[in-house]
Amino acid sequence: MDEQSIQMPDPLPNSPQQNSTLEADVTETQERMETDEGEVLEVNNTSMINGDVSDNEEIKSDEIDADDEYGFYKSEATFSFTVDNIHKLSESVTSTPTYVRGLPWRILVMPRPGHDRTSMKSLGYFLQCNAENESNAWSCHGSAELRILPAKEEVPMLEKKIDHLFYCKENDWGFSQFLSWADVISPEKGFMTADKKMTFQVHVFADAPHGLAWDSRKLTGYIGLKNQGATCYMNSLLQTLFFTNKLRRAVYLMPTESDDSLKSVSLALQRVFYELQYNDKPVGTKKLTKSFGWETLDSFMQHDVQELCRVLLDNVELKMKGTCVEGTIPELLEGKFKSYVKCKDVDYISSREESFFDIQLVVKGNKDVMESFRTYIKPDTLDGDNKFDAGDYGMQDAEKGIIFKYFPPVLHLQLLRFQYDPAADMYVKTNDRYEFPETLILDEFLEEPDDKDPAIYVLHAILVHSGDNHGGHYVSYLNPEGDGKWFKFDDDVVSRCTKKEAFMGSFGGVGDDSFVGRNSTNAYMLVYIRKSKADEVLCKVGDKDIPDQLLHRLSEERKLEAFRRKERAESHLYMAVNIITEDMFCGHQGEDLFDFERSHMARHVKILKQASYMELLQLISAALGYPLHSFRLWLFSQRPNSTWRPTILDTADTPGKQLIDIAENDSPWHVWLETMPPDSPEPSLPPFDKQGDILLFLKMFSPYTQTISYCGHITVPIDGTTIIAMETELRKRGGLNPTVPILMFEEVCASEVRPIHDRSRQLGEMMDKLMDGNIIVFQPAVPNFPDAARYFLDIFYRVDVLLCDKNDPLDQGFVVSLNRNWNYGQFAEKVAERLDTDPMMLQFFRVQSTRDMAGSVIRSSFDGQLKDLLQIYGTRKQSKRLYYQQLTMKVDEFETKRQFRCMYVHPNMKEEEVVLYPNKNGCVQSLLEECRTKLSIEGSKELRLMEVVGNKICNILRKEKSLEEISFYGQAPRLYRIETIPDDQKQV
């Protein structure tokens, strides 16, 4: 008999997955089905929900009080299912539903034929959850005991346990061979009654489901937090801080009216707390994590909870300084202990007091919190070679330990479930059973207990981790009001839970010690509140505790977000029109007329796609204040050579056309607004003859300053206009002397600026293609200076690179214009010129593709071009970034070295960080000698290198060990420490 918990194999004919007729036809207390022999098999359903529900009555959610924790949404239930004529069972049968966590649960029983001649027929026994729901989104974790009740008193009950995440594709779980068929029908086994009946019983315990319409606010009065990917650990901590009511009230009172809404951690925390208090739907935390400086990737990485708590509270405490709530964090969380060394044989004690905000308790080797506290304060003996230097008393045997001075009102206990294992070279999780009481009495650990205010603490929160050292899931159990009613906060789902679930489910343990088979689920942090301070810490927080300015700001934010949501929902109905005016052409130093990456700086309007062209003109007229007769629109379109030039819209039939048809569904739409010159004597903009006129744009290049000046536009007839006839107008537009000789070019594209030599010919004969939007570039003829064609070619190959200091995370960097065809030496020389240093004293780094930080090093022997280094493809302008660091030795020599960061410990135990540069193929001895040279250590002093992991020395490295074998990375981060070997250890 296979007793392994497995998914039910491919369903048999007439199983619930393939044929639900059997369930649909059940209207009486008996079911009728045909057996192989043609006889009628009677099945008697007896389904009980806490002994309250009659047979075969399906429970409707609207018939049960949703607030009744023992009703429709209860967390556990025991129900039974009796099958008549079990010896003739030929098809699967199911019980009527029992509702747990709002989902229907059924017992599913079926005969299982042997798969081959050697295997025997058996009884399959499964628990089915929410089988009728075909949605792929739902899931529900459940644990159950599947039982067969004995028919005789002397026969023990047969029971097997399952633990499973139920979802659409695995909505039943159990045993395909729960009991052999011979044992089913055997009178000696005692499971079948004399009248051929068998009773199945299930006790199921379920978590609240995900992916269904679970209304946490309605069912519990509280709401959860959305998970961004791997932020469940943060969610559990935030809920704990939120329900520390005195802290929440102080957070509301922090002055944040002038804070940046995107960067302020304090404002983001206020926002999360406010929404947790008043929202009806789960609260998002993206703004909070963005204020931490986390990018999207960081949200998918689990961080250390203790570190996050400390960083968050430090930020809040700093924000509270100088305000009416200054000191709230220490007042709530700060305790004190005294560390001491007491000599045994002389009257000498050395002690000092220190503050703590949490206490780290060792789990391994201790059975409960009290035992861990006793281990925590147990003194160590200093004797033998480890005697204590007692000053005038000399070296003395002593005891070293700590004793607590006082505990804070809110006590955070960090349970050290994760510890470094040197043998495995990784952190491993301790899943041993570890108990904690609801009421904790800590007087025995105080130096001077207070009889008037005993250190009695009541458990307020349990933060639980499921998984191992590689990751897992975090939830929190909270007693928000301190009244003994516990709730489970699992990201966006909040549910009521029993005290048994909160405690027993968090003790951990392996095998029989665990709670319903959850071997890797256990508490990692506990929050206790001092009983005498409970009313103060859990004070009521209402509207009056939130400043009006904060309420107003959060209200305005919500309105703005609602408006933006509405905009996004209706965005498909509108199109954006960017209105580019001629003043935006001025100062442009590149190809074309305008940098379209700056189009966001243009004026823009939003209009319905179904609107007419005339309505667009009226909208622009009203927005910019121009009469309709004083402007004309030109559409920017992209030519085959990737340049962007204006083209006239066909005004003959456009006024009545819908914009979606004219724009061909392009959005945004870029248009140039041609307006009347301010000094024009004409009453309106002169008409443009699309067949007979051409629109040209003019640029002047200064060979002296190597700059471009925009000189406006000109409309000329296509026929009869020669190049030479335009020279006078060009000199006038450029402010040149009428007799100055000029050079003329046509800007086809950045890589092709053609000289115009024969000026006696007409425009159509000299230009590449005679089209509206063509650009003529002219310049004074100056010998021995680069001309416009060379200038534009340089622009074509130019790339702007942002250089940032690798060793300064706050460095904003500087931009250098480089040529994409340059080699390593040319670009290094240009950067060195900007930094006023030797190019050989610089080292460059690429940017990591996934994170915005320095990546792989660029070797000085790189023999490609800059475009290969920066991965520039095509002609599209792309902003690039590189990192650099300034060296103290030439880069070619530096590349043969290895950077080695370590800590040197002086004889007086003072630590000093040292960065060494030994040869890559060197050994530990060469590293030690470089350290000796750098720090001027005497040659008689013998040095050693030690590997430190988790604040523990785990290895002393041999001097002949190759540096290539030494790594700073692994399952656990490691540090290296150099120190002088004490004389008494040289022979060890």
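See the structure printed just above.
Residues numbered from 1 in each chain as written. Predicted model: local features only at pLDDT ≥ 70, side-chain atom pairs only at ≥ 80, totals over all residues. Heavy atoms only, no water.

A. Broad picture of the overall build of the protein chain. Along the protein chain, the regular secondary structure elements total 22 helices and 48 strands. Burial status across the protein chain gives 47% buried among its 988 residues. Counting only carbon and sulfur atoms, one obtains 48% of the accessible surface of the protein chain, whose full area is about 49,600 Å². (Helix = DSSP H or I, 4+ residues; strand = E, 2+ residues; numbered from the N terminus. Buried < 20%, exposed > 50% of the residue type's maximum accessible area, 1.4 Å probe, protein only. Areas by Shrake-Rupley, 256 points an atom, 1.4 Å probe, with all protein chains shown as cover.)

B. Spatial organisation of the nonpolar core. Among the nonpolar cores identified, the biggest contains 55 residues, and V251, F273 and M320 are the most heavily contacted of them. Examining the composition of this core, we find that eight residues originate from one element, helix 6 (residues 265-278), more than from any other. In this view, F273 contacts L238, L241, F242, R248, V251 and Y252; residues no more than four positions away in its chain are not counted. (Core = buried A, V, L, I, M, F, W, Y, C linked by side-chain atoms within 4.5 Å. Contact = heavy atoms within 4.5 Å.)

C. The sheet that holds strand 38 (residues 774-780), seen in detail. Overall, mixed pairing links the five strands, which are arranged 35-34-38-36-37 in an open sheet. A strand with exactly one partner marks an edge of an open sheet, and here the two such strands are strand 35 (707-717) and strand 37 (752-755). Strand after strand, the sheet turns through a mean of 30° between neighbouring axes, direction not considered. Note that strand 34 (residues 693-702) and strand 35 share nine bridges and pair antiparallel. Looking at strand 35, one finds that D693 is bridged to P717. This element, helix 16 (residues 727-734), spans strand 34, strand 35, strand 36 (742-749) and strand 38 of the sheet and lies at about 140° to strand 35. (Pairing = 2+ DSSP bridges. Axes fitted to C-alpha atoms, helices over the stretch in contact; angles between N-to-C directions.)

D. Geometry of a positive patch on the surface. On the surface, a cluster of positive charge is made up of K226, K281, K286, K290, R558, R564, R565 and R568. Among the elements of the structure, helix 7 (286-291) and helix 13 (548-570) are those that each provide at least two residues to the positive patch. Examining the composition of the positive patch, we find that four residues originate from one element, helix 13, more than from any other. Considering the arrangement of structural elements, one finds K290 in helix 7. (Patch = residues over 30% accessible without salt bridge, like charges linked within 9 Å, V, L, I, M, F, W, Y side chains within 5 Å. Salt bridge = Lys/Arg side-chain N within 4 Å of Asp/Glu carboxyl O. Lys, Arg positive; Asp, Glu negative; His and termini not counted. Charge placed at Lys NZ, Arg CZ, Asp CG, Glu CD.)

E. Spotlight on unusual backbone geometry. The phi angle at N130 is positive, at roughly 50°, despite the residue not being glycine. Among the structural elements, N130 can be located in the loop between strand 8 (122-129) and strand 9 (139-149). Relative accessible area serves as the criterion here: at 7%, N130 is assigned to the buried category.

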